[in-house]
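Summary of the model geometry
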Amino acid sequence: MQRGSDRMSVHRDDEMKHELQGLLRSGHPTRSEEWNDPEPAAEDDPDVTYGPVTPGRGPTYLEALRLELARNLTRGSFPAGPRELTRELRRGNAPDALVEGLDRLPHKARYDNVQELAVALTEDGRSGPPGPQGA
């Protein structure tokens, strides 16, 4: 039942659904005109990946390491020891700094998930963030 309060006609509504169909299916803009795409984030925009941005709140080393490990390892990689994980990281072309950290872990250790591995690497005495994060 039409109430007459619609802002657009049925035809315009169908047209808009058709325009958005490619974006919704692909997950990225599909328009050929660059000016019509949403503007990407700028380099000086605040990083909101790690929750609310507050003064002095950046990702901790453990959070950054866990994120890098999760980018390069899958759930199928676990449970595993350092040798298997090193092989998996090399196969996925992970940053060298990430792979080198595993060489210092005890060879008989087993890790069930990324969190356990990240904690073991941070307790191992490493300092500073792992490799280039955007790579």
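I will try to describe carefully the structure that is included in this document.

The rules behind these values
- Residues numbered from 1 in each chain as written.
- Predicted model: local features only at pLDDT ≥ 70, side-chain atom pairs only at ≥ 80, totals over all residues.
- Heavy atoms only, no water.
- Helix = DSSP H or I, 4+ residues; strand = E, 2+ residues; numbered from the N terminus.
- Buried < 20%, exposed > 50% of the residue type's maximum accessible area, 1.4 Å probe, protein only.
- Salt bridge = Lys/Arg side-chain N within 4 Å of Asp/Glu carboxyl O.
- Core = buried A, V, L, I, M, F, W, Y, C linked by side-chain atoms within 4.5 Å.
- Contact = heavy atoms within 4.5 Å.
- Patch = residues over 30% accessible without salt bridge, like charges linked within 9 Å, V, L, I, M, F, W, Y side chains within 5 Å.
- Areas by Shrake-Rupley, 256 points an atom, 1.4 Å probe, with all protein chains shown as cover.

What follows covers the environment of Arg 104. Position of Arg 104 relative to the elements: it lies in the loop between helix H4 (96-103) and helix H5 (114-123). Classification of Arg 104 by relative accessible area gives partly exposed; the value is 47%. Separated by 17 residues in sequence, Arg 104 and Leu 121 have C-alpha atoms that sit 8.4 Å apart.

Before going further, it helps to examine the pattern of salt bridges. Counted under the stated rule, the structure contains four salt bridges. Between Glu 15 and Arg 12 there is a salt bridge, with the nearest N and O atoms lying 3.0 Å from each other. Here the residue Glu 15 and the residue Arg 12 both occupy positions in helix H1 (residues 10-26), the gap between them amounting to three residues, near one helical turn. Look at Glu 15 and you get partly exposed, because its relative accessible area is 42%. Salt-bridge contacts for Glu 84 lead to Arg 110; the nearest nitrogen and oxygen are separated by 3.5 Å. On the criterion of sequence distance, the pair formed by Glu 84 in helix H3 (residues 82-91) and Arg 110 in the loop between H4 and H5 is long-range, its members being 26 residues apart. Since its relative accessible area comes to 49%, Arg 110 is described here as partly exposed.

Moving on, we get to the nonpolar core. Counting residues in hydrophobic clusters, the biggest one holds 20 residues, and the most contacted among them are Leu 69, Leu 85, Tyr 111 and Leu 117. Looking at this core, the elements that each hand over two or more residues are helix H2 (61-72), H3, H4 and H5. The element contributing the most residues to this core is H5, with five residues. The residues touching Leu 117, leaving out its near neighbours within four places in the chain, are Leu 69, Leu 73, Phe 78, Leu 85, Leu 102, Leu 105 and Tyr 111.

With that out of the way, let us pick up a nonpolar patch on the surface. Together, Leu 20, Leu 23 and Leu 24 line one region of the surface with nonpolar side chains, adding up to about 290 Å² of accessible area. With respect to the element layout, Leu 23 can be found in helix H1. For Leu 23, a relative accessible area of 35% corresponds to the partly exposed category.

In this structure, Pro 79 follows Phe 78 across a cis peptide bond, with omega equal to -10°. Relative to the assigned elements, Pro 79 resides in the loop between H2 and H3. A positive phi angle is found at Asn 93, which is not glycine, with a value near 55°. Looking at the secondary structure, you find Asn 93 in the loop between H3 and H4. With relative accessibility at 68%, the residue Asn 93 sits in the exposed group.

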